[in-house]
Amino acid sequence: MKPSTLALAALLVLPAAALAGDRATPEKPGGSCQVAAFVCADYDASIAPTAKDVCVKYKFSWSAKPCATKGVVGTCVKPEGAGKSYSHTYPPGSVESARKACRNTPGGVFVP
């Protein structure tokens, strides 16, 4: 994955808030963006229109459905405006790579 794609993945981590069990998820899901084979970001409904515009602009895959819950190795929760985004990492990404990407995301909080 190119560094620019990782940076964009970090930027796409936008609004909504709630921790459901051991997985961070939006309270009011508004859609998701598949940024790479191993990165998918969920968005709160309040910011989904903007997130969708960005996702489509960069030719990623937008869905009205949330990201898959199975296989998540870590999530970076990032507040933005009145909401949050939830960037999920899947294998072959690792807990450490997800934690490192989140550490490099301003305002990001890592949830294993």
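Data block above holds the structure.
Engineer: When you look at the pattern of salt bridges in this model, what are you seeing that I'm missing?
Structural biologist: Where charged atoms from two side chains of opposite charge approach closely, those side chains can pair. In total, this model carries one salt bridge according to the counting rule given. Linking arginine 99 and glutamate 96 is a salt bridge whose minimum nitrogen-to-oxygen distance equals 2.6 Å. A residue pair is termed a helical-turn pair when its members lie 3 or 4 positions apart in one helix, as arginine 99 and glutamate 96 do in helix H3 (residues 95-103) at three residues. Exposure remark for arginine 99: the relative accessible area of 26% places this residue in the partly exposed category. Looking at glutamate 96, the relative accessible area reads 48%, which means it is partly exposed.

Engineer: So what exactly am I meant to see when it comes to helix H2 (residues 48-57) here?
Structural biologist: Because each turn of an α-helix spans 3.6 residues, side chains separated by three or four positions in sequence point in the same direction. Those residues of H2 that fall on the buried side of the exposure criterion are Ala48, Ala51 and Cys55. Along the long axis of H2, the arc covered by the buried residues comes to 60°, so they all point the same way. When the buried face of H2 is taken as reference, the exposed residues oriented beyond 90 degrees from it are Pro49, Asp53 and Lys57. Elements that come into contact with the buried residues of H2 comprise strand E3 (29-36), strand E4 (39-44) and strand E5 (61-63).

Engineer: What exactly am I supposed to notice about unusual backbone geometry here?
Structural biologist: Residues apart from glycine generally show negative phi values, whereas peptide bonds are mostly found in trans. The omega angle of the peptide bond from proline 91 to proline 92 is 15°, so this bond is cis rather than trans. By the element assignment, proline 92 lies in the loop between strand E7 (83-89) and H3. If you check the backbone angles, lysine 59 has positive phi at about 60° while not being a glycine. Mapped onto the elements, lysine 59 comes out in the loop between H2 and E5.

The rules behind each value
- Residues numbered from 1 in each chain as written.
- Predicted model: local features only at pLDDT ≥ 70, side-chain atom pairs only at ≥ 80, totals over all residues.
- Heavy atoms only, no water.
- Salt bridge = Lys/Arg side-chain N within 4 Å of Asp/Glu carboxyl O.
- Helix = DSSP H or I, 4+ residues; strand = E, 2+ residues; numbered from the N terminus.
- Buried < 20%, exposed > 50% of the residue type's maximum accessible area, 1.4 Å probe, protein only.
- Arc of directions from axis to C-beta.
- Contact = heavy atoms within 4.5 Å.

Keep in mind that these numbers describe shape and distance, not what the molecule does.
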